[in-house]
Amino acid sequence: MSSTKLLTLKTSDGEEFKLDEAVAVKSQAIKNMVEDDCVSNAIPLPNVDSKTMTKVIEYWKKHSEEGVSKDQLNDFDKGFLEVHHSVLYDLLLAANYLNDKELVDVICQEVADRIKGKTPEEIRKEFDIKNDFTPEEEEKIRQENAWAFD
Amino acid sequence: MPKPKRLVWRIKQRNQKATSSSSSAPPPPPPPPPPWVELPREITADILRRVGTVEVLLNAQRVCSTWWKVCHDPTMWRVIDMSSDKDCDRDDDDLTKMCQIAVDRSQGQLLEIKIKDFGDDDLLDYISQRSSQLRHIRLVCCEYISDGGLAAVAENFPLLEELHIYLSVISTVGIEAVGRSCSQLKSFTLNDCGFRGFRRDRIRNLQINVNDQALAIAANMPELRRLALFGNNMTNEGLCAILDGCPRLESLDLRHCYSIDLKGDLGTRCRQQIIDLKCPYDSTHDYEFINHICDYDSSDDEYPSGLSEAGLSDYFYDYDFDDFDYDDFTNPFSSDYLLDEDGFFW
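Rules used throughout
- Sequence order sets the numbering: in each chain, residues are counted from 1 along the sequence as written.
- Whichever chain is written first is A, and whichever ligand is written first is 1; the rest continue in order.
- Totals for whole chains, interfaces and linings use all residues, but because this is a predicted model, local features are given only for residues with pLDDT of at least 70 and pairs of side-chain atoms are given and counted only at 80 or more.
- The basis for every side-chain value is the complete set of heavy atoms in the structure, and neither hydrogens nor water enter the calculation.
- Every helix listed is a DSSP run of H or I at least four residues long, and every strand listed is a run of E at least two residues long, numbered separately from the N terminus.
- Partly exposed describes any residue whose relative accessible area lies between the buried limit of under 20% and the exposed limit of over 50%, with all areas from a 1.4 Å probe on protein chains only and scaled to the type maximum.
- The Shrake-Rupley method, run with a 1.4 Å probe, gives the accessible areas here. Residue values count only the displayed protein chains as cover.
- Throughout, a residue-residue contact means that at least one pair of heavy atoms, one from each residue, lies within 4.5 Å.
- One bridge is not enough; two strands pair if DSSP finds at least two bridges between them.
- Axes here refer to lines fitted to C-alpha atoms; in helices the fit is confined to the stretch in contact. Angles between the N-to-C directions go from 0 to 180 degrees.
- For the purposes of this section, nonpolar cores are sets of buried Ala, Val, Leu, Ile, Met, Phe, Trp, Tyr and Cys residues that join through side-chain atoms within 4.5 Å.
- Salt bridge criterion: a side-chain nitrogen from Lys or Arg within 4 Å of a carboxyl oxygen from Asp or Glu.
- Working rule for helices: expected span equals 1.5 Å times residues minus one.
- Polar contacts, as used here, are pairs of N or O atoms within 3.5 Å; protein pairs need one atom able to donate a hydrogen and one able to accept it. Residues neighboring in sequence count only if both atoms are side-chain atoms.
- The predictor rates its confidence in each residue with pLDDT, a number between 0 and 100.
- Reported buried area values correspond to the accessible surface (1.4 Å probe) lost by two parts on association, with both partners' losses combined.
- Residue polarity follows a fixed list, in which Ala, Val, Leu, Ile, Met, Phe, Trp, Tyr, Cys and Pro are nonpolar, Asp, Glu, Lys and Arg are charged, and the others, Gly among them, are polar.
- Place the viewer so that the strands point away; then a crossover is right-handed whenever the path from the first strand over the helix to the second strand goes clockwise.

Asker: What is the right way to look at the overall build of chain B in this model?
Answerer: The helix and strand tally for chain B stands at 13 helices and ten strands. Among the 346 residues that make up chain B, the fraction classed as buried is 48%. With the model as given, the accessible surface of chain B reaches about 17,700 Å², and the carbon-plus-sulfur share is 50%.

Printed below as a string of structure tokens:
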């Protein structure tokens, strides 16, 4: 049995999470800190709140479990990502900050899948994005895309 | 009758009590929506790249000014992916136009391009004139990109490392030109299964010998690490040439190459030399395309009475491999099978 070293992560709202080092190093940022040997105390994560960290840890733990099939992981991911876009946003920023490329990829793909097949107005509605084009810009866009509407 | 009314009244009272006790504190305002437009630019680009070229040009770039700017940034267009199945609902001219726009926006930084079900020699030339950094090309079912067309542009891709061609008529001319001009080529796919019947007249004009492609690869692509020749007609002669000519080969996909016999020394040599070897009868479970062989125009063909294995391989049937358990599969081109006049075996 390998020794399980526990790391303590402290989120922006002061909550502490204890986690196996072997799981936590899914974050390249945490891995670098471990390798540079500066993890004697809790690792501060000022850019991640506890609600988001809980979800990230849920993902890391599932993806560290032994004996989980690819299909089971896919099912887990599907359910994990079935959240409001505001949760996805926080997760994406956290995954980027923690430098977990796999998680960033998975979330980016989910966001892309929610964009595909939608008109601009539908995309705006899905993600609460404001149409900030001026009328002149709208006209320029319409002309540039004119070939598509012939 | 009065009882129910009283019940309702009581419930109302309870509600009124509840609301009156909390009426002093207004409900908290909903949290503001997250500022998707404020994401780091490279993440927005990552997301939009995954949406695919067609949907970006038609829809995503028109959402807001931030996304418009990201979609005009050359770094967004280092990868052009026009291989979605949904794209083939669109007109070929529109797809060609969109591909050209995407290439223009890359401003010479294009590294990888994937095209499926459209495109011709002119488009390939357009891409080649503007994308000297290209490392990775994938062409699926681009029936109007010809052997000569590829040969004509090969010198414009000096940094090419991966070339993947599925279901096309690329042969010796194209292979020689790519081999000569693309000295960095490490990975080559020429998966040819399924459409030979459709273009048999073109192939007959090219006078292809079954080992032509294999011999051209062996003579011109010495740096290959990975080679896939799914459904190729080559015999052991071609395979031997490849093993001799591509000494650095680590991965070789020979599935559906039914004219090869790996039972003897050549098979042993293959297994020794190649780390990741897929043999002719290996499972196609993970193959991304349906292994479909179609006979489009058998009527004008004349075949000698004693059909050789190579000759039989020119004769195609509606035969969907996915319908069969691969262990039960036997070589339809074996002379054990007799053919009726319509080309079906019994």
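After that view, the rundown keeps rolling.
Asker: Got a minute to help me understand the side chain of K116 of chain B in this structure?
Answerer: Position of K116 of chain B among the secondary structure elements: in strand β2 (residues 112-116). Residues within four places of K116 of chain B in sequence aside, it is in contact with M82, S83, D85, V140 and F289 of chain B.

Asker: Is there a simple way to think about unusual backbone geometry in this case?
Answerer: Only a minority of non-glycine residues have a phi that is not negative, and only a minority of peptide bonds are not trans. A positive phi angle, close to 55°, is found at D128 of chain A, a residue other than glycine. Mapping D128 of chain A onto the fold places it in the loop between α7 (120-127) and α8 (135-144). Classification of D128 of chain A as partly exposed rests on a relative accessible area of 44%. In the Ramachandran plot, C141 of chain B falls in the positive-phi region, its phi being about 60° despite a non-glycine side chain.

Asker: Can you help me understand the sheet that holds strand β1 (residues 6-11) of chain A in this one?
Answerer: Sheet strands associate in pairs through backbone hydrogen bonding, adopting either a parallel or an antiparallel arrangement. All names here are of chain A. Pairing in this open sheet of three strands is mixed, and the strands run β2-β1-β3 from one edge to the other. Unpaired on one side and paired on the other, β2 (16-20) and β3 (43-45) mark the two borders of the sheet. Strand-to-strand twist of the sheet, defined as the mean angle between neighbouring strand axes without regard to direction, takes the value 30°. Relative to β2, β1 runs antiparallel, the two sharing five bridges. Paired with L6 across the strands is D20, a residue of β2. Set on the sheet, helix α3 (residues 50-62) makes contact with β1, β2 and β3; between it and β2 the angle comes to about 10°.

Asker: Please explain the nonpolar core as it appears in this structure.
Answerer: Counting residues in each nonpolar core, the largest one holds 118 residues, and the members touching the most others are M53, W60 and I115 of chain A together with W36, I47, L48 and F188 of chain B. In contact with L48 of chain B, other than residues within four places in its own chain, are I115 of chain A together with V56, A60, W67, V70, C71 and M76 of chain B. Membership of the second largest hydrophobic core comes to seven residues, among which are C141, L167, F230 and F289 of chain B.

Asker: Just checking my understanding: could you explain the pattern of salt bridges for this structure?
Answerer: Once the charged atoms of two side chains with opposite charge are near each other, the side chains can pair. For the coordinates displayed, the defined rule picks out 24 salt bridges over all chains. When the shortest N-O distance is used, the salt bridge between R114 of chain A and E110 of chain A registers 2.8 Å. With R114 of chain A and E110 of chain A both in helix α6 (residues 101-115) and four residues apart, this pair spans about one turn of that helix. The closest approach of N and O atoms between D113 of chain A and K116 of chain A, which form a salt bridge, is 3.5 Å. Among the residues examined, D113 of chain A registers a relative accessible area of 40% and is labelled partly exposed. Shared partners join several salt bridges into a network, and the residues in it are K101 and D105 of chain A together with D46 and R50 of chain B.

Asker: Even after reading the chapter, I still don't get α3 of chain A, so can you show me in this structure?
Answerer: The periodicity of an α-helix, 3.6 residues per turn, causes residues three or four positions apart to be oriented the same way. All names here are of chain A. Helix length check: α3 (13 residues) gives 18 Å between terminal C-alpha atoms against 18 Å at 1.5 Å per residue, within 8%. The complete set of buried residues in α3 reads S50, T52, M53, K55, V56, I57, Y59 and W60. Of the residues that open α3, the one with a side-chain oxygen 3.3 Å from the backbone nitrogen of K51 is D49.

Asker: How do you make sense of the sheet that holds strand β4 (residues 162-166) of chain B when you look at a structure like this?
Answerer: Residue and element names in this part refer to chain B. Read from one edge to the other, the open sheet built from eight strands follows the order β1-β2-β3-β4-β5-β6-β7-β8, with strand pairing classed as parallel. Two strands lie at the open edges of the sheet, namely β1 (79-82) and β8 (276-278), each paired on one side alone. Taking each pair of neighbouring strands and ignoring which way they run, the sheet shows an average axis angle of 5°. Pairing analysis gives three bridges linking strand β5 (residues 187-191) to strand β6 (residues 226-228), with the strands arranged parallel. Among the inter-strand pairings, T189 is bridged to a residue of β6, identified as A228.

Asker: Can you walk me through the confidence of the model for chain A in this structure?
Answerer: Across chain A, pLDDT averages 90, with 95% of residues at or above 70. Averaged pLDDT values for the elements of chain A fall to 87 in α8 of chain A and rise to 96 in α6 of chain A.

Asker: Help me out: how do you make sense of the interface of chain B and chain A in this one?
Answerer: You'll often see interface size given as the accessible area lost when the parts meet. With 31 residues of chain B at the contact, the number on the chain A side is 33 residues. In this assembly, chain B packs against chain A so that about 2,900 Å² is buried in total across both faces, 70% of it on carbon and sulfur atoms. Its salt-bridge partner being R105 of chain B, residue E144 of chain A comes within 3.0 Å of it at the nearest N-O pair. Scanning the region where chain B abuts chain A turns up eleven residue pairs in polar contact (both at pLDDT 80 or more). Elements that contribute at least two residues to the side of chain B that touches chain A include exactly α2 (41-51), α3 (53-58), α4 (65-70) and α5 (92-106) of chain B. Sorting elements by how many residues they give to the side of chain B that touches chain A places α2 of chain B first, with six residues. Considering only residue class, the side of chain B that touches chain A consists of 20 nonpolar, four polar and seven charged.

Asker: Just to check I follow, could you spell out the environment of D20 of chain A for this structure?
Answerer: Residues and elements named next belong to chain A. Within the secondary structure, D20 is located in strand β2. Linking D20 and D132, residues 112 residues apart in sequence, is a C-alpha distance of 46 Å. Beyond its immediate chain neighbours, meaning those up to four positions away, D20 contacts T4, K5 and L6.

Asker: Teacher, can you tell me more about the pairing of β2 of chain B here?
Answerer: Within a regular beta strand, the side chains point alternately toward one face of the sheet and then the other, so they alternate between its two faces. Residue and element names in this part refer to chain B. Examined bridge by bridge, β1 and β2 share four bridges and lie parallel to one another. Note on β2: the bridge partner recorded for V79 is E112. As paired strands, β2 and strand β3 (residues 136-140) are joined by five bridges and run parallel to one another. Its bridge partner being in β3, K116 is matched across the sheet by V140. In terms of handedness, the path from β2 via helix α6 (residues 121-130) over to β3 forms a crossover that is right-handed.

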